[in-house]
Amino acid sequence: MAGLFDKQAEIYLDARPTYPTEWFSKLAALTSQHSLAWDVGTGNGQAALGVAEHFEQVIGTDISEAQIKHARQHPRVKYIHTPLSLSDDELVTLIGGENSVDLVTVAEAVHWFDLPKFYSLVTRLLRKPGGVIGVWGYNDMVVSPTFDPVMHRVRDTIIPFYDTKAQHMLDGYKTLPFPFESIGLGSEGEPLQLDIQKMMSFEGFVRFSKSSSAITKAKDQGVDLLSEEVIKELKSAWGGPNVVRTVIYKAFMLLGKVKV
């Protein structure tokens, strides 16, 4: 994933939805202790900040230096750039050592990971018993009966430019391997379905769309998926540039604990 989001790091900061505070309350309630959490693929720290309201320390890591530089600061969050050159043992030591982490979170990123390697690290780091891993993402939004068909038609032109690793995200994590013991919510093959509500202007929607790695990849190949003509059609379906709408992001989550 290194470099995929570097170019649009500043756009990403403002464009993505804010995860509901109740998500983090519920995640914290699932863990037996609240000393240390690890937010992986932290990006600009959106999830790390929510986790920090419930844990004494949060370590947010990312292989993208550009994302880390734009991370939102919090006194209980420590951001660390973790290049792929780090060994597993070095990373385990950096986070806090084996059996030290109460909660591992990954927001809209786990599909990019080397999953066997990552899951091995989680198994080593999570507290046993009592530690929990939660991964989530979103792959669609609902705006209005007029706008949604136009949005989906544009989305169909974007999908071919997604990296193959994004397929798990497009599938709503239903196909994502998740070798952890179920805790009764969002187990492997059966993700928990969730909604994220956000007030959004048309400009905000365009910014959200431009933060997509597929849009950036297409542009690098000389294909403008958000041409003036496409933007004009979307704007008309939205209801005009000054209309603020309530949009619903369709999200999904998997939760588990280390099998013992």
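In this text the structure is predicted, and so the values were computed from the model without any measurement.

### A short note on empty space enclosed by the protein
Part 1 of the argument: The tally for this structure, following the rule as stated, stands at two cavities of 30 Å³ or more.
Part 2 of the argument: Estimates place the volume of the largest cavity at around 460 Å³.
Part 3 of the argument: Residue lining of the largest cavity: 24 residues in total, with Asn139, Arg155, Tyr162, Phe208 and Ser212 positioned closest to the centre.
Part 4 of the argument: Elements supplying a minimum of two residues to the lining of the largest cavity: β5 (132–142), α7 (147–158), α8 (167–170) and α9 (202–210).
Part 5 of the argument: Here the residues of the lining of the largest cavity sort into 15 nonpolar, five polar and four charged.

### Things to note about the layout of surface pockets
Part 1 of the argument: The volume enclosed by the largest pocket comes to roughly 400 Å³.
Part 2 of the argument: Those elements giving two or more residues to the lining of the largest pocket turn out to be β1 (36–40), β2 (57–62) and α6 (115–125).

### Structural notes on the confidence of the model for the chain
Part 1 of the argument: Looking at the chain as a whole, its pLDDT mean stands at 92, while 94% of the residues score no less than 70.
Part 2 of the argument: Here residues 1–13 is a poorly scored stretch, pLDDT under 50, and it has 35 contacts once near neighbours within four places are set aside; other chains count.

Parameters and conventions
- Residues numbered from 1 in each chain as written.
- Predicted model: local features only at pLDDT ≥ 70, side-chain atom pairs only at ≥ 80, totals over all residues.
- Heavy atoms only, no water.
- 1 Å grid on protein atoms, 1.4 Å probe; cavity = no way out; pocket = protein on both sides within 12 Å on 5 of 7 lines; lining within 4 Å.
- Points joined across faces, edges and corners; volume = space filled by probe spheres on them.
- Helix = DSSP H or I, 4+ residues; strand = E, 2+ residues; numbered from the N terminus.
- Nonpolar A, V, L, I, M, F, W, Y, C, P; charged D, E, K, R; others polar.
- pLDDT = per-residue confidence, 0-100.
- Contact = heavy atoms within 4.5 Å.

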